[in-house]
Amino acid sequence: MERTFEVRAPGRVNLIGEHTDYNGGLCLPVAIPAATTARVSLRDGAVHRLVSAQQDEPWEGTAQDAAPGAVRGWAAYAAGVLWALAEAGHDVPALDLRLDSTVPLGAGLSSSASLEAAVAVAAVTATGRQLDDALRVELVAACRRAETEVVGAPTGGLDQTAVVLAQAGHALLIDFDDGSTEQVPVDLAAAGLTLLVVDTRVSHDLTDGGYGSRREECEEAARRLGVPSLRSATPGSVAGLDDDVLRRRATHVVGEIARVEEAVDALRAGDWATVGRLFTTSHASLRDDFEVSCAELDLVVDTALQVGALAARMTGGGFGGSAIALVPAERADAVRRAVDTAFADRGLATPGHLDGTPSAGAALTPSR
Ligand code: ADP
Ligand code: MG
């Protein structure tokens, strides 16, 4: 292996299956073209050096310097992966990493998992190792550990699994009950469709409290139903919950898991009308029962559907972030323009537009 090489790790959007990961459920993300790239070279000694074009402060240290509690800010995500890999017994040489990303930070498109995966792939391929399936699964675990233990952010694992295991032209069905994954072909081009991603550029949940409280409500609902997780709850049992809030939260989760199963069948059959219906139901459920949408996300969804989208919904955790729309390719520009106009009419900042074409997971960039 040459001493300098490049690694690329994508962001992701979830097609459907929101707030299901921490309930032992199903979700169906795709990797997107926007990605973090890492220019990697080997250093002598044991001290890594990490620089990001998106941050002012570089970070330097050994893997042990990135143990939980020892590092803050963006380096906790990046260097935290080096610590987690060392903990898992990986022998990582000292690295010089120059990172740069086209995934907008904090837009719900998983810039954090993209950054983690870029570092993880750089670290294990630096010694010339091939990225096989088993190694990819180890990388997912290290990225998750960095985010939960070093950053201290609760994560269900959807993001790290998606950006490491995704394949171009496919969505990744993830079953959080047993950890299994399955590639589901998504042939947008054959159907003449484009997947638009709209970053609302708003985040209403500055304290992250909304995510934590939803998790707790789901756990409480499962406890009252006497099931290990809402994965084993049924619509009938959920309907019997006395508490109105817990019943609505659980109704979303149980319905959403069923919608993922239906969406997989519809995608395999090229049944886009059904995909559209499922996206609409999912969005309404997140808005009304799970209560994690917001005016800006609703505006993108409503506008896209009015201008000809086949399907549209919020994606990711909610409270801001991004929405997706499946649009006939020839309507894509019209939908983007209509969304911009709708935002301008309400005095909102111009949203960001990204391409959602299902893309490859984290990998070495082929050398030219
Ligand atoms: P997202 O939805 O984008 O994953 P998060 O809040 O989970 O939002 O992660 C965003 C954080 O990840 C940033 O505040 C920063 O600390 C880190 N991060 C993401 N991408 C980069 C990058 N290219 N360079 C440095 N830090 C990054
Ligand atoms: Mg993130």
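None of the values given here were measured: they were computed from a predicted structure. (Residues numbered from 1 in each chain as written. Chains lettered and ligands numbered in written order. Predicted model: local features only at pLDDT ≥ 70, side-chain atom pairs only at ≥ 80, totals over all residues. Heavy atoms only, no water.)

Draft legend 1. Representation of the overall build of the chain in the model. Secondary structure assignment for the chain yields ten helices and 13 strands. By the compact-globule yardstick of 21 Å for 368 residues, the chain fits well, its C-alpha radius of gyration being 20 Å. Taken along its principal axes, the extent of the C-alpha atoms in the chain is 60 × 50 × 40 Å. Contacts spanning at least 24 positions in sequence make up 71% of the contacts within the chain whose residues lie at least 6 apart. Total accessible area computed for the chain in this model is approximately 14,900 Å², and 48% of it derives from carbon and sulfur atoms. Of the side-chain charges in the chain, 31 are positive and 51 negative, and the distance between the mean point of each set is 2 Å. (Helix = DSSP H or I, 4+ residues; strand = E, 2+ residues; numbered from the N terminus. Rg over C-alpha atoms; globule rule 2.2 N^0.38 Å. Contact = heavy atoms within 4.5 Å. Areas by Shrake-Rupley, 256 points an atom, 1.4 Å probe, with all protein chains shown as cover. Lys, Arg positive; Asp, Glu negative; His and termini not counted. Charge placed at Lys NZ, Arg CZ, Asp CG, Glu CD.)

Draft legend 2. Examining helix H3 (residues 133-151) more closely. Taking 1.5 Å of rise per residue, the 19 residues of H3 would be expected to cover 27 Å, and the 26 Å separating its terminal C-alpha atoms lies within 8% of that figure. Residues of H3 that are buried include every one of Leu135, Arg136, Leu139, Val140, Ala142, Cys143, Ala146, Glu147 and Val150, and no others. With its phi angle positive at about 85°, Gly152 sits one or two positions after the end of H3. (Expected span 1.5 Å × (residues − 1). Buried < 20%, exposed > 50% of the residue type's maximum accessible area, 1.4 Å probe, protein only.)

Draft legend 3. The environment of Thr102, seen in detail. Assignment of secondary structure puts Thr102 in the loop between strand S6 (95-101) and helix H2 (111-125). Given a relative accessible area of 55%, Thr102 falls into the exposed group. With 63 residues separating them in the primary sequence, Thr102 and Arg39 have C-alpha atoms 14 Å apart. Here Thr102 is in contact with Ala34, Ala35 and Leu354, once residues within four sequence places are set aside. Here Ala35 takes part through its backbone nitrogen, which lies 2.9 Å from a polar atom of the side chain of Thr102. (Polar contact = N/O pair within 3.5 Å; in protein donor to acceptor, adjacent residues only side chain to side chain.)

Draft legend 4. Main features of the packing of aromatic side chains. In the structure shown here, the tally under the stated rule is one aromatic pair. Each ring, one from Tyr22 and one from Tyr211, has its centre 5.5 Å from the other, and the planes form 75°; the classification is edge-to-face. Of this pair, Tyr22 sits in the loop between strand S1 (4-14) and strand S2 (26-27) while Tyr211 sits in helix H5 (residues 209-225), placing them 189 residues apart in sequence. Take Tyr22 and Tyr211: they sit in the same class, and that class is buried. Against the face of Phe279 rests Arg313, its NZ or CZ located 5.9 Å from the ring centre. (Phe/Tyr/Trp six-rings, centres within 6.5 Å; stacked < 30°, edge-to-face > 60°. Lys NZ or Arg CZ within 6 Å of the ring centre and 35° of its normal.)

Draft legend 5. Inspection of the nonpolar core at higher detail. Judged by nonpolar contacts, the single largest core of 72 residues is most densely connected at Leu15, Leu28 and Leu326. Here this core spans two domains, and each of domain 1 (4-185 + 359-364) and domain 2 (188-355) adds at least three residues to it. Those residues in contact with Leu326, other than ones at most four positions away along the chain, are Leu188, Leu193, Thr194, Leu195, Trp272, Val275, Phe279, Ala309, Leu310 and Ala311. Residues Phe5, Leu50, Leu95 and Ala142 belong to the second largest nonpolar core, which totals 51 residues. (Core = buried A, V, L, I, M, F, W, Y, C linked by side-chain atoms within 4.5 Å. Domains from an automatic or database assignment.)

Draft legend 6. Here's a closer look at the sheet that holds strand S8 (residues 181-185). With respect to topology, three strands assemble into an open sheet ordered S2-S7-S8, the strand pairing being antiparallel. Because the sheet does not close on itself, it has two edges, and the strands there are S2 and S8. When strand S7 (residues 170-175) meets S8, the two strands line up antiparallel, connected through five bridges. Pairing of His170 across the sheet is with Pro185, part of S8. Along the sheet, helix H4 (residues 158-165) makes contact with S2, S7 and S8, crossing S7 at roughly 140°. On top of the sheet, helix H7 (residues 244-269) reaches S2, S7 and S8; it is set at about 45° to S8, its chief contact. (Pairing = 2+ DSSP bridges. Axes fitted to C-alpha atoms, helices over the stretch in contact; angles between N-to-C directions.)

Draft legend 7. Layout of the side chain of Thr200. Structurally, Thr200 is set in strand S9 (residues 193-203). Within the local environment of Thr200, its side chain forms a polar contact with the backbone oxygen of Gly321, the two atoms lying 2.6 Å apart. Aside from chain neighbours lying at most four places away, what touches Thr200 is Glu296, Leu297, Val300, Gly320, Gly321, Ser322, Phe343 and Pro351.

Draft legend 8. Spatial organisation of the site of ligand 1. Taken together, 16 residues surround ligand 1, and among them Ser52, Gln54, Gly106, Ser111 and Ser112 come closest. A distance of 3.1 Å separates a nitrogen atom of ligand 1 from a polar atom in the side chain of Gln54. For ligand 1, the accessible surface in isolation is 560 Å², of which the surrounding protein chains cover 80%. Residue classes in the shell around ligand 1 are distributed as seven nonpolar, nine polar and no charged. (Near = heavy atom within 4 Å. Nonpolar A, V, L, I, M, F, W, Y, C, P; charged D, E, K, R; others polar.)

Draft legend 9. Representation of the domain arrangement of the chain in the model. Each domain of the chain was delimited in the assignment, giving domain 1 (4-185 + 359-364) and domain 2 (188-355). The straight-line distance from the C-alpha centre of domain 1 to that of domain 2 is 24 Å. Contact residues are listed per partner, giving 33 residues for domain 1 and 37 residues for domain 2. Both sides together, the interface formed by domain 1 and domain 2 hides about 2,800 Å², and carbon and sulfur atoms give 66% of it. Between the two partners, domain 1 and domain 2, sit three salt bridges. Across the pair Glu18 and Arg313 runs a salt bridge whose closest N-O atoms are separated by 2.7 Å. For the interface between domain 1 and domain 2, the tally reads 15 residue pairs in polar contact (both at pLDDT 80 or more). Only S1, S2, strand S3 (29-42), S7 and S8 provide two or more residues apiece to the side of domain 1 that touches domain 2. Of the residues belonging to the side of domain 1 that touches domain 2, the class tally is 18 nonpolar, eleven polar and four charged. (Buried area = accessible area lost by both parts, 1.4 Å probe. Salt bridge = Lys/Arg side-chain N within 4 Å of Asp/Glu carboxyl O.)

Draft legend 10. Representation of unusual backbone geometry. The backbone phi angle of Ser110 is positive, close to 70°, even though this residue is not glycine. Position of Ser110 among the secondary structure elements: in the loop between S6 and H2.

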